[in-house]
Amino acid sequence: MPRGTYPWDYNNNPNMHQTKSMPEIWTDIHAYTGEFFLDETQFYESIDFFGVIPPVYYQGIFLKGIMFTQGADILGVLCPELRELFHIINCSYSASYPHTTTCDGYFCLFDYPEMEAWFRETYPERSDKVFIRGEESDFVNEYMFMPHRHIPRDMDLLTVSTMQEFKNVGVLGRALKVLRDKYPKKQFKLTWVIGKEFGLNHTELVPREMVVMRDLEKVLKHINDYIHFIPKVPHHELPQVYSRAKCFALPSLLEGRNRASREAMCCNTPVVTFKDILKYTRGNELYIPEGAGLSAPEFDPESMADTIYETITNYQDFTPRQSYLKEWGRQNFMNMCIDRFPVYANQLPGFTPKQHHNNLWLDMAVQHHYGLSLHDYVYGKNIPLSRVKGIEAIKQLVKTYQELLNNQPYSVEQLQQHTA
Amino acid sequence: MPQGIAPKDYFNQPSSAKPLNEIWQDIHNYTGELSADDDLITLQGVKTPVELANDIDWFVVLPPMVYEGTFIKGIAITQAADWVIDQFPMVRELYHVVASSCFAGYPWSTQADAYLTCFDYPQMLEWFKQNHPERARNKVFIPLEKADYTHEYRMAPVTRLPKTTEVITISSFERFKNPELMAQALKIARLKYPHSPFKLVWVVGQEFDLNLEGLSERHRQSWTKMEAILEHISDYIYFIPKAGPYEVSQYLSQSKVAVLSSFIEGKNRFLHEALSCNIPTIHFNNLCQYIRPEGTPYLPPNSGWTCAPEAEALADTLHHARHHYGDMTPRQAFLEHGGRRRFLNTCMQVFPYYAQRIPGWESQASPFENEWLQLAAQWSTGISLWDNLYDARPELSMARGLTAIEQIITPQKELLSTPVG
């Protein structure tokens, strides 16, 4: 990680289509991935395991579970048993389709039939994968990230982002300057959660982060008049931060599955992006759902400033959480994953598209093996079954699953043969 | 509690020659509700109202909520509705208070908004409205027939436990539980099927010892009668004095069959907990026969067996069930009709109030799935509707005693004055 050539040009140029054809653009974007690969031993203990549904054997039917990771390439070799138990979805952590072939599904950000057809034709060795629309259905825990009723919205503008150039925080800084010039009495200030501890002297910042900092200092001169820095916030405290903001800004043009903007919507905070965010990988689809925020029409600071102003001054008119949960959130994500793998339509009793959270058979099957409801598995309540990190933890988890399933009349292999 | 006259004639007699109207009168002449006016004779002695106040249950099915400028009342169940309302009059501004008689008849509460009933029985309801208009007035009736408040994830099969118990019952030695009839059935089963002997595991629900210390005089009499039938009672029955909720699900999960020998009950919790733990049940076919319409079973199909209300039939059914318990699908049968989400749906659907106030009500068959309700629950309580319903924060969803009830409702008063979302 990373692998391939990062498409830098696309970070701050929304007009690449003026000089390149769409297949050329897609080739650029899909040349890069943020996955972990087998030769990258330094990332072995960073591999994620997110369980969507667990494997079950119930009333004579064996059903694989569904999990996702960014390390399928490594898991396929070091933990081959995982694939006997789960459909593995790999995530590139960028705008591209993943590169690995040792998985069953690919996260893609949006359903974009033209790009998908191009991809399948251009990369036939990777074309047998199930495509999971990751942007419209992600794995933010909507019950952990929710608004706090007793916290006043006392922050104007919030962003949660690393200090990297591709995040375009420089544009946001310039937008702050425009806002201050246009509306001097409002004194709008940005709160920036950076996700990294650093102090007054910036000694913890690496050179590429210092470039961003220097640029902002140059634009704003007195940076502390415009930005309130919060170096790092524990994950469990983030909902309180989001709940204080009237507007969340995401100024980048190229992203993977941007978690912060989803978490903000979950906390009922409207989101502002550029209209051109991920324009080459989403076709005509919206980046944020209707009612959840606004898009700045032009990729320039003034357009961003005007859009932020409109959002902040009308923040109560937006319905970000409601809009988000219509299609997104873990429950919808689970439903979509099950819908996309054809095996479930054939083998899951009572299969009803988009209603698997109400599937009695599945709920009883999960209860039978794991002693908890399907709902509690999906939301990871007090159980180390659905979320672990690192190859050793994943190997141990696979053993646990095998033990839980094997405490039946059949071995896992026999269960698969039996079901087949 | 108890108020009225217990219908003892129906405890041990399988049927009655009385007309239905008279039977209903007898049954509804008794309630298990708690009253602030009376002392209660308990196993441990007489409890004064002051002491009884600590026994009042308060189950929150739906918390009160405010969202986007709309306030909706919650729903709570108690066996002391009038007492709670007298003590905290504003509770009716926050909740629809649902009274439970903890028995077969309709409750006696006059101030509750709704009555829990065992079955949807239009003829009996009509009789009740005519004969008790002061109680029936302005009441909503919530039949538990297709909705039960058993926590289906707490009372769930404990997997990987071997079936070491043949038959289990969870029941007191009260006369209406027919302990003698159970003993007779065990005796007959041993004589009739000598090559397939078994012991009944009996969870009594109260502490007592080898010397029967802990049992009331009334319960000792039951014991003595059982002993007279069985001679060596421990050859037939393995007693477990008392068990907590988790232990109950373990005991049930280890069992092949659950049996109940009473003729009249309310909404018997043990049978539903057994089904929720995937244990098939046996009960007499006359169980609660006068409070359910003809043709309506006490439990859903595929949940177990029924038999004629006599000892030999019970003995035969026990023998059969022990060898065919795998034929039934009790948990599935139960969850197709019961479980807390269905209970919430049933409760909300009988109050027209919710349909009038909750946006998007018409578009969802299940109120639990209603988007507005989900968002409102999260906004008002800080946890999801699911977590409210399944006791993720028990201090919000259940209380015992007036002091604990007050601790739930006092912070909720704020919702009435800040209707913003």
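From a predicted model like this one, the values you see are computed outputs, not experimental measurements.

Things to note about the overall build of chain B
Link 1 in the chain: A tally of regular secondary structure across chain B gives 19 helices and 18 strands.
Link 2 in the chain: Taken against the 2.2 N^0.38 rule, which gives 22 Å for 421 residues, the C-alpha radius of gyration of chain B at 22 Å falls within 12% of a compact globule.
Link 3 in the chain: Considering only C-alpha atoms, chain B reaches an extent of 70 × 45 × 40 Å along its principal axes.
Link 4 in the chain: Residues counted as buried form 58% of the 421 residues belonging to chain B.
Link 5 in the chain: Contacts in chain B between residues far apart in sequence, at least 24 positions, make up 69% of those at least 6 positions apart.
Link 6 in the chain: Positive and negative side-chain charges of chain B, numbering 36 and 48 respectively, have mean locations separated by a distance of 3 Å.

Looking at the overall build of chain A
Link 1 in the chain: Across its full length, chain A carries 17 helices and 14 strands.
Link 2 in the chain: Here the C-alpha atoms of chain A give a radius of gyration of 22 Å, agreeing with the 22 Å that 2.2 N^0.38 yields for 420 residues.
Link 3 in the chain: Overall size of chain A, expressed as C-alpha extent along the three principal axes, is 75 × 50 × 40 Å.
Link 4 in the chain: Looking at chain A as a whole, 57% of its 420 residues qualify as buried.
Link 5 in the chain: Total accessible area computed for chain A in this model is approximately 17,200 Å², and 50% of it derives from carbon and sulfur atoms.
Link 6 in the chain: Computing the positive centroid from 42 side-chain charges and the negative centroid from 51, chain A places the two 5 Å apart.

Considering the nonpolar core
Link 1 in the chain: Counting residues in hydrophobic clusters, the biggest one holds 219 residues, and the most contacted among them are Tyr242 of chain A together with Trp58, Leu62, Tyr95 and Tyr354 of chain B.
Link 2 in the chain: With seven residues, helix α16 (residues 391-406) of chain A is the largest single contributor of residues to this core.
Link 3 in the chain: Once you skip the residues sitting within four places of it in the chain, Tyr95 of chain B turns out to touch Trp58, Val60, Leu62, Pro64, Lys73, Gly74, Ile75, Ala76, Asp113, Ile408, Ile409 and Gln412 of chain B.

Concerning helix α19 (residues 402-417) of chain B
Link 1 in the chain: Between the first and last C-alpha of α19 of chain B there are 24 Å, a value that for 16 residues agrees with the 22 Å anticipated at 1.5 Å per step.
Link 2 in the chain: Burial in α19 of chain B covers these residues: Leu402, Ile405, Ile408, Ile409, Gln412 and Leu415 of chain B.

A look at the packing of aromatic side chains
One pair of aromatic rings is described through two measures. These are the centre distance and the angle between the planes.
Link 1 in the chain: Across all of its chains, the model carries 67 aromatic pairs over all chains by this definition.
Link 2 in the chain: Between the aromatic rings of Phe188 of chain A and Tyr309 of chain A, the centroid separation amounts to 5.9 Å while the plane-to-plane angle is 75 degrees, which identifies the pairing as edge-to-face. A residue pair is termed long-range when its members are at least 10 positions apart, and Phe188 of chain A in the loop between α5 (169-182) and β9 (190-193) and Tyr309 of chain A in helix α10 (residues 301-313) qualify at 121 residues.
Link 3 in the chain: Through a chain of ring-to-ring contacts, the aromatic side chains of Trp26, Tyr97, Tyr106, Tyr112, Trp118, Phe119, Tyr123 and Phe131 of chain A assemble into a single cluster.
Link 4 in the chain: If you follow Arg262 of chain A out to its NZ or CZ, it ends over the ring of Tyr287 of chain A, 4.6 Å from the centre.
Link 5 in the chain: Taking NZ or CZ as reference, Arg340 of chain B lies 4.1 Å from the ring centre of Tyr149 of chain B, over its face.

A closer look at the pairing of strand β6 (residues 105-108) of chain A
Residue and element names in this part refer to chain A.
Link 1 in the chain: Going residue by residue along β6, you find Gly105 and Phe107 tucked away on one face and Tyr106 and Cys108 tucked away on the opposite face as well.
Link 2 in the chain: For β6 and strand β7 (residues 130-133), the ladder comprises four bridges, and the chain directions are parallel. Of the residues in β7, the one forming a bridge with Cys108 is Arg133.
Link 3 in the chain: Between β6 and its parallel partner β7, the chain crosses via helix α4 (residues 113-122), and the hand of that crossover is right-handed.

Some points on the side chain of His356 of chain A
All names here are of chain A.
Link 1 in the chain: Its place among the elements puts His356 in the loop between α13 (342-347) and α14 (360-370).
Link 2 in the chain: The exposure class of His356 is buried, given its relative accessible area of 0%.
Link 3 in the chain: Non-local contacts of His356, meaning those with residues more than four positions away in its chain, are made with Met334, Asn335, Ile338, Asp339, Leu348, Phe351, Leu362 and Leu374.

Details of the environment of Ile29 of chain A
Link 1 in the chain: Structurally, the position occupied by Ile29 of chain A is in helix α1 (residues 22-30).
Link 2 in the chain: C-alpha separation for the pair Ile29 of chain A and Gly350 of chain A, spaced 321 residues apart in sequence, amounts to 40 Å.

Structural notes on a nonpolar patch on the surface
Link 1 in the chain: A contiguous nonpolar patch, built from Leu38, Val77 and Leu78 of chain A and spanning about 210 Å² of accessible area, is present on the exposed surface.
Link 2 in the chain: Tracing the sequence through the fold places Leu38 of chain A in the loop between α1 and β1 (48-53).

Points about the interface of chain A and chain B
Link 1 in the chain: At the interface, 25 residues of chain A touch 26 residues of chain B.
Link 2 in the chain: The contact between chain A and chain B buries some 2,300 Å² in all, and 50% of this surface belongs to carbon and sulfur atoms.
Link 3 in the chain: Applying the counting criterion to the chain A and chain B interface returns three salt bridges.
Link 4 in the chain: Note that Glu414 of chain B is salt-bridged to Arg149 of chain A, the shortest N-O span being 3.4 Å.
Link 5 in the chain: When contributions to the side of chain A that touches chain B are tallied by element, the ones reaching two or more residues are α11 (320-327), α14 and α15 (374-378) of chain A.
Link 6 in the chain: No other element matches α14 of chain A, which puts six residues into the side of chain A that touches chain B.
Link 7 in the chain: Among the residues forming the side of chain A that touches chain B, the class breakdown is seven nonpolar, twelve polar and six charged.

Re the sheet that holds β7 of chain A
Residue and element names in this part refer to chain A.
Link 1 in the chain: Strand order in the open sheet made by the six strands is β7-β6-β5-β4-β1-β14, with mixed pairing throughout. In this open sheet, the two strands that pair with only one neighbour each are β7 and β14 (387-389). On average, each strand axis in the sheet is tilted by 30 degrees relative to the strand beside it, whichever way the strands run.
Link 2 in the chain: The pairing of β1 with strand β4 (residues 65-69) spans three bridges and is antiparallel. Note on β4: the bridge partner recorded for Gly51 is Met67.

A look at the confidence of the model for chain B
Link 1 in the chain: Mean pLDDT over chain B stands at 92; residues scoring 70 or higher make up 95%.
Link 2 in the chain: Note on the complex model: pTM 0.89, ipTM 0.86.

Reading the values: the criteria
Every chain is numbered on its own, with residues counted from 1 as its sequence reads. Chains and ligands are labelled sequentially in the order written, the chains with letters from A and the ligands with numbers from 1. Note on the predicted model: pLDDT of at least 70 is required for a residue's local features to be given, and 80 or more for side-chain atom pairs to be given and counted; whole-chain, interface and lining totals, by contrast, use all residues. Think of the side-chain values as coming from all heavy atoms in the structure, minus any hydrogens and water. Numbering of helices and strands runs from the N terminus; a helix is a DSSP stretch of H or I covering at least four residues, while a strand is a stretch of E covering at least two. In this treatment the radius of gyration is a C-alpha quantity, and the globule benchmark scales as 2.2 Å times the residue count to the 0.38 power. Relative accessible area decides the class of each residue, using a 1.4 Å probe on protein chains only: under 20% of the type maximum gives buried, over 50% gives exposed, and in between gives partly exposed. Note on definitions: a residue-residue contact is assigned when non-hydrogen atoms from the two residues lie within 4.5 Å. Counted as positive: Lys and Arg. Counted as negative: Asp and Glu. His and the chain ends are not counted at all. To locate a charge, take atom NZ for lysine, CZ for arginine, CG for aspartate or CD for glutamate. Under the convention used here, a 1.4 Å probe and the Shrake-Rupley method define accessible areas, while residue burial counts only the protein chains that appear. The criterion is simple. A nonpolar core is a set of buried Ala, Val, Leu, Ile, Met, Phe, Trp, Tyr and Cys residues joined through side-chain atoms within 4.5 Å. Helix span, as expected, comes to 1.5 Å for every residue beyond the first. Centres within 6.5 Å make a pair out of two Phe, Tyr or Trp rings, where for Trp the six-membered ring is used; the pair is then stacked when the planes are under 30 degrees apart, edge-to-face when over 60, and tilted otherwise. Our definition puts a charge over a ring when NZ of Lys or CZ of Arg is within 6 Å of the ring centre and also within 35 degrees of the ring normal. Pairing between two strands requires that DSSP report at least two bridges joining them. Here, the term right-handed applies to a crossover whose path from the first strand over the helix to the second runs clockwise when the strands point away from the viewer. Patch membership needs two things, relative accessible area over 30% and no salt bridge, and members are linked within 9 Å if like-charged or within 5 Å if nonpolar (Val, Leu, Ile, Met, Phe, Trp, Tyr). Just to be clear on terms, a salt bridge is a Lys or Arg side-chain nitrogen sitting within 4 Å of an Asp or Glu carboxyl oxygen. A simple way to read buried area is as the amount of 1.4 Å-probe accessible surface that goes missing from two parts once joined, with both sides added. Any residue that is not Ala, Val, Leu, Ile, Met, Phe, Trp, Tyr, Cys, Pro, Asp, Glu, Lys or Arg is counted as polar, Gly included; the first ten are nonpolar and the last four charged. Think of each axis as a best-fit line through the C-alpha atoms, taken over the contacting stretch in the case of a helix, with angles from 0 to 180 degrees between the N-to-C directions. Within a predicted model, pLDDT stands for the predictor's per-residue confidence, ranging from 0 to 100.

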